[in-house]
Amino acid sequence: MTTPSSGDVRRLGVETTGIEIIDESERTAKPSDLFWPWFAANVSVFGISYAAFVLGFGISFWQAVLVAVVGITVSFLLCGIIAIAGKRGSAPTMILSRAPFGVTGQKFPGVISWLVSIGWETFLAIMAVLATATVFKELGWGEGNGIKIAAAIVVAAMIVLASVAGYHIIMRMQSILTWVTGLVTIGFILLTLGKIDWNAVLAMKPGSIQSVIGALTMVMTGFGLGWINIAADWSRYQHRDASGPAIVFWNTFGGAIAPVLLVLYGLGLAGSDPTLMDGISADPIGTLATLLPTWFLVPFLVAVILSLVSGAVLGIYSSGLTLLSLGVRIPRPAAALIDGVILTLGTFWVVFLAQDFLGPFQSFLITLGVPLAAWAGVMMGDILLRKRDYDEDALFDARGRYGAFDWVSIALVVIGSVVGWGLVINTFADAASWNNWQGYLLGPLGLGGRDGAWAWANLGVLASLLIGFLGSWLLRRGKVARQEFGSYGSDLAGATAARPSAGRGARDLEHTNGLPSDS
């Protein structure tokens, strides 16, 4: 079989590039191109619902504004730092993670990343199906399993087809979805402005510092940190001379601008009426739909579904790349298809057979967020320590400068997870009582135990992130310097001078994706 050339890929529109290094001729993206996928995946009326969750911590409007602006912006700024690695190495996030963890050791965080990605994208698909059923009921068009089946088929088909098509089609699709969802969201705001009671909003009393930190952590994990394990996937097509600060800016601006504005508007809505706030927390789509005139429900439904599909497409595309990084040797479209099938089966199972599984499912995914935060800390520390591009050959060779295992990085993730899990509690205690073992450090550290004021602050996520970052920054400085400037220095100079040729790209494809080449 002959490996498709770049021209073939562009004519077909389907990206066959997997985890191998992107050819120099394909690195044509500009930093500003990153705006579209990040904006499209995060401009959603669901952002408004987060305002109800923030106010649920018992804080004032101005405290909530601070939480939203700082939490959302900083969380996407962290994604922007990870995105720098994509430009330096022109490979997916989890392949670049081999530099700090080792070529084989990367599989440890890779499995966690794959589970988190495919899990949350399945959750988005489930929400899209349930949202469709809710709005159809509001319109009087019917209800029941028939509508849910049709919605599940359409939603799954859109997600799977786009993720299989790959980077170029997804980028074009996201630029279109940005306008559609953005315009409908503006329409929603204009139609509901009259629902805001500023006297009630500004009368909310301030909350404790524990409540502010808890809300801040929830916002950070719900927005940017939820994307951090795939952030470099979308920057790997950046030209090697692209500005690092520009990549960070466009990644941060594209991801944060819509959620910040939507959460701020949502604070006005949710703070105006306690009943509305409770309804948004329990059923965001159904409650927000009740605020709209009937004629706007169809555009509202379309925008909700498209925003959820947009996010799920990014996740499934990246989870396919992560699957390949774990050693599964199949073409990239097949990997995306496999993850898409898993998403489809999971969606049907939860929607039709086990809706009571949704709580335990979210509890499990949130638990995995703690080690993922530790991985993100290690990765960011490694990126900031490095001054040169990655040794591309060594990313695929356990005998190269990155080695098979980096036990310091692995230990930091383990330590960060142990500490982190001890400082968080299971927020789905009733639905997932088996996960109530968390929070075991809240008592011994004098933080009031599982029922204390600090229990809901989710300190474990921040602690895990800091342990990973500071540990990597302090303990791996010498090793990173030796990798870049030590005995491997002459090899790196040669690797930097000789950009990957078509022959090398074919060889990497053969090695990593299981496709034979002509070389």
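Located above this text is the structure these notes cover.
Fair warning: this is a prediction, and the values are worked out from it, not measured in the lab.

A. Spotlight on the overall build of the chain. On a plain count of helices and strands, the chain comes out with 22 helices and zero strands. Of all 519 residues assigned to the chain, the portion counted as buried reaches 60%. Nonlocal contacts in the chain, meaning residues at least 24 apart in sequence, comprise 85% of its contacts between residues at least 6 apart. Total accessible area on the chain stands at roughly 19600 Å², and carbon and sulfur atoms take up 68% of it.

B. Structural context of helix H11 (residues 209–222). Compared with the 20 Å implied by 1.5 Å per residue over 14 residues, the 20 Å span of H11 between its first and last C-alpha is a close match. Among the residues of H11, those classed as buried are Gln210, Ser211, Val212, Gly214, Ala215, Thr217, Met218, Val219 and Met220.

C. How the structure looks around helix H8 (residues 145–165). Helix length check: H8, at 21 residues, gives a terminal C-alpha distance of 30 Å against a target of 30 Å (1.5 Å per residue), a fit within 8%. Along H8, the positions that sit buried rather than exposed are Ile147, Lys148, Ala151, Ala152, Val155, Ala156, Ile159, Val160, Ala162, Ser163 and Ala165. Contact partners of the buried residues in H8: helix H7 (107–139), helix H9 (167–192), helix H15 (297–325) and helix H16 (332–353). Looking one or two places after H8, you find Gly166, whose phi comes out positive at around 100 degrees.

D. View of the packing of helix H4 (residues 61–89) against helix H12 (residues 244–272). Running from N to C, H4 and H12 point in directions that differ by 155 degrees, and their axes come no closer than 7 Å. Classified by the angle their axes make, H4 and H12 are roughly antiparallel. In this structure, the crossing between H4 and H12 has a hand that is right-handed. Here the contact of H4 with H12 is built from residues that sort into 20 nonpolar, six polar and one charged.

E. Representation of the nonpolar core within the structure. One finds Ile72, Ile159, Phe188, Trp234, Phe300 and Tyr390 to be the most contacted residues of the largest nonpolar core, which totals 143 residues. Per-element tally for this core: the top contributor is H15, with 16 residues. Excluding residues that lie within four positions of it along the chain, Trp234 makes contacts with Leu34, Tyr167, Ile170, Met171, Leu314, Tyr317 and Ser318. Leu423, Ala457, Leu459 and Ala463 belong to the second largest nonpolar core, which has nine residues in total.

F. Fine view of the packing of aromatic side chains. Using the criterion set out here, one finds 25 aromatic pairs in the structure. Centre to centre, the rings of Phe35 and Phe39 are 5.0 Å apart; their planes meet at 20 degrees, and the pair counts as stacked. Of the two residues, Phe35 and Phe39 both sit in helix H2 (residues 35–42), four residues apart, roughly one turn of that helix. A relative accessible area of 13% means that Phe35 is categorised as buried. Residues Phe469 and Trp473 carry aromatic rings whose centres are separated by 6.3 Å and whose planes lie at 20 degrees to one another, so their mutual orientation is stacked. With Phe469 and Trp473 both in helix H19 (residues 459–475), this residue pair falls four residues apart, about one helical turn.

G. Structural view of unusual backbone geometry. One non-glycine residue, Ser90, adopts positive backbone phi at about 50 degrees. The residue Ser90 is located in the loop between H4 and helix H5 (93–96) in this model. Look at Ser90 and you get buried, because its relative accessible area is 0%. The backbone phi angle of Asn458 is positive, close to 55 degrees, even though this residue is not glycine. Structurally, Asn458 can be placed in the loop between helix H18 (407–422) and H19.

H. Highlighting a nonpolar patch on the surface. Taken together, the side chains of Phe108, Val414, Val418, Trp437 and Tyr440 define a hydrophobic patch exposed on the protein surface, amounting to about 410 Å² of accessible area. Counting through the fold element by element, Trp437 comes out in the loop between H18 and H19.

I. View of the environment of Met379. Take Met379: it is sitting in helix H17 (residues 358–385). With relative accessibility at 0%, the residue Met379 sits in the buried group. Through-space distance from the C-alpha of Met379 to that of Arg98 is 9.7 Å; in sequence the pair is 281 residues apart. Those residues within four positions of Met379 in sequence are excluded, and the remaining contacts are Ile82, Ala85, Thr93, Leu96, Ser97, Pro100 and Tyr390.

J. Inspection of the side chain of Glu121 at higher detail. Take Glu121: it is sitting in helix H7. No salt bridge forms around the buried Glu121; measuring N to O, its nearest opposite-charge neighbour Arg332 is 14 Å away. Setting aside residues no more than four positions away along its own chain, Glu121 makes contact with Gly311, Ala312, Gly315, Ile316 and Leu343.

K. Broad picture of the environment of Ala270. The residue Ala270 is located in helix H12 in this model. In this structure, the C-alpha to C-alpha distance between Ala270 and Tyr50, residues 220 residues apart in sequence, is 9.6 Å. Not counting residues up to four positions away in its chain, the partners in contact with Ala270 are Ala52, Leu55 and Met277.

L. Structural view of the pattern of salt bridges. Summed over all chains, the structure comprises eleven salt bridges. Of the charged contacts in the structure, one is a salt bridge between Arg399 and Asp397, with a shortest N-O distance of 3.1 Å. Using a relative accessible area of 26% as the deciding quantity, one classes Asp397 as partly exposed. A salt bridge links Arg476 to Asp406, with the nearest nitrogen and oxygen atoms 3.2 Å apart. Of this pair, Arg476 sits in the loop between H19 and helix H20 (477–485) while Asp406 is found in the loop between H17 and H18, placing the two residues 70 residues apart along the sequence. Residue class for Arg476 comes out buried when judged on its relative accessible area of 1%. Within the structure, one salt-bridge network assembled from shared partners comprises Glu24, Arg27, Arg240, Asp389 and Glu392.

Conventions and cut-offs
Residues numbered from 1 in each chain as written. Predicted model: local features only at pLDDT ≥ 70, side-chain atom pairs only at ≥ 80, totals over all residues. Heavy atoms only, no water. Helix = DSSP H or I, 4+ residues; strand = E, 2+ residues; numbered from the N terminus. Buried < 20%, exposed > 50% of the residue type's maximum accessible area, 1.4 Å probe, protein only. Contact = heavy atoms within 4.5 Å. Areas by Shrake-Rupley, 256 points an atom, 1.4 Å probe, with all protein chains shown as cover. Expected span 1.5 Å × (residues − 1). Axes fitted to C-alpha atoms, helices over the stretch in contact; angles between N-to-C directions. Parallel < 35°, antiparallel > 145°, perpendicular 65-115°, else oblique. Left-handed = near helix turned anticlockwise from the far one by under 90°. Nonpolar A, V, L, I, M, F, W, Y, C, P; charged D, E, K, R; others polar. Core = buried A, V, L, I, M, F, W, Y, C linked by side-chain atoms within 4.5 Å. Phe/Tyr/Trp six-rings, centres within 6.5 Å; stacked < 30°, edge-to-face > 60°. Patch = residues over 30% accessible without salt bridge, like charges linked within 9 Å, V, L, I, M, F, W, Y side chains within 5 Å. Salt bridge = Lys/Arg side-chain N within 4 Å of Asp/Glu carboxyl O. Lys, Arg positive; Asp, Glu negative; His and termini not counted.

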